[in-house]
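Survey of secondary and tertiary structure
Residue strings, one per chain:
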Amino acid sequence: MFTDIGPLEVITLLVMAVVVFGPDKLPKLIQDTMGFVRKIRSFADSAKEDIRSELGPDFQDFEFQDLHPKTFVRKQLLGSTEDPLGFKELKDGLDLKSALNDEPAGAAAAAATPAANLSKAGSTPLAADERPPFDPDAT
């Protein structure tokens with residue numbers, strides 16, 4: 001949350017806090033703020049435990065971080081212990097560096113030519129102003 005605040009900004013905030021609140025009230029203000037943060041954290045932890053207990057024994061290993069979209073996708077698709085879709089085998093079998101190195105030198109140049117833009121049937125090239133065929137199943 002505050003990872004982009006540099007040391008100069010922190011020093012500026014401290015000096016402004018001393019000027020605004022004074023050196024005699026600042027320790028009490030920090031202590032009250034820390035107590036408030038602790039209360040909020042304990043409230044959040046107790047709410048999480050209440051939700052886990054209400055969900056039942058099937059969800060005892062439930063983590064709220066798993067609801068983040070990136071974590072959810074990573075856990076569901078890649079799985080921590082099991083790989084139902086076979087992504088690990090696919091990832092291990094895919095070696096892009098060797099595939100790129102085995103490509104003939106002229107293949108990249110041939111792919112850049114207009115003849116490489118073949119129609120759906122794969123037999124005739126598209127003209128320069130011709131649009132590719134519309135596939136409603138692909139959209």
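Cut-offs used in this document
Residues numbered from 1 in each chain as written. Predicted model: local features only at pLDDT ≥ 70, side-chain atom pairs only at ≥ 80, totals over all residues. Heavy atoms only, no water. Helix = DSSP H or I, 4+ residues; strand = E, 2+ residues; numbered from the N terminus. Buried < 20%, exposed > 50% of the residue type's maximum accessible area, 1.4 Å probe, protein only. Areas by Shrake-Rupley, 256 points an atom, 1.4 Å probe, with all protein chains shown as cover. Salt bridge = Lys/Arg side-chain N within 4 Å of Asp/Glu carboxyl O. Patch = residues over 30% accessible without salt bridge, like charges linked within 9 Å, V, L, I, M, F, W, Y side chains within 5 Å. Expected span 1.5 Å × (residues − 1).

This part takes up the overall build of the protein chain. When its secondary structure is counted, the protein chain shows six helices and zero strands. Counting helices and strands in the order they occur from the N terminus, the protein chain gives α-α-α-α-α-α. In the protein chain, which comprises 139 residues, the share counted as buried stands at 7%. Put simply, the protein chain shows about 12600 Å² of open surface, and 63% of that area lies on carbon and sulfur atoms.

So, on to the pattern of salt bridges. Applying the stated criterion to the full structure yields two salt bridges. Between Lys 28 and Asp 32 there is a salt bridge; the shortest N-O distance is 3.2 Å. Taken together, the positions of Lys 28 and Asp 32, both in helix 2 (residues 26-55) and four residues apart, correspond to about one turn of that helix. Asp 32 gets classed as partly exposed once you look at its relative accessible area, which sits at 41%. Where Arg 52 meets Glu 49, a salt bridge forms, and the shortest distance between an N and an O atom there is 3.1 Å. Pair noted here: Arg 52 and Glu 49 are both in helix 2, with a separation of three residues, about one helical turn. Classification of Arg 52 by relative accessible area gives buried; the value is 10%. The partly exposed category is assigned to Glu 49, whose relative accessible area is 47%.

This brings us to a nonpolar patch on the surface. On the surface, a nonpolar cluster with roughly 570 Å² of combined accessible area is contributed by Ile 11, Val 15, Val 19, Val 20, Phe 21 and Leu 29. Residue placement: Ile 11 occurs in helix 1 (residues 7-21).

Between its terminal C-alpha atoms helix 1 stretches 21 Å, which fits the 21 Å expected from 15 residues at 1.5 Å a residue. Trailing helix 1 by a residue or two, Gly 22 shows a phi angle of about 85°, which is positive.

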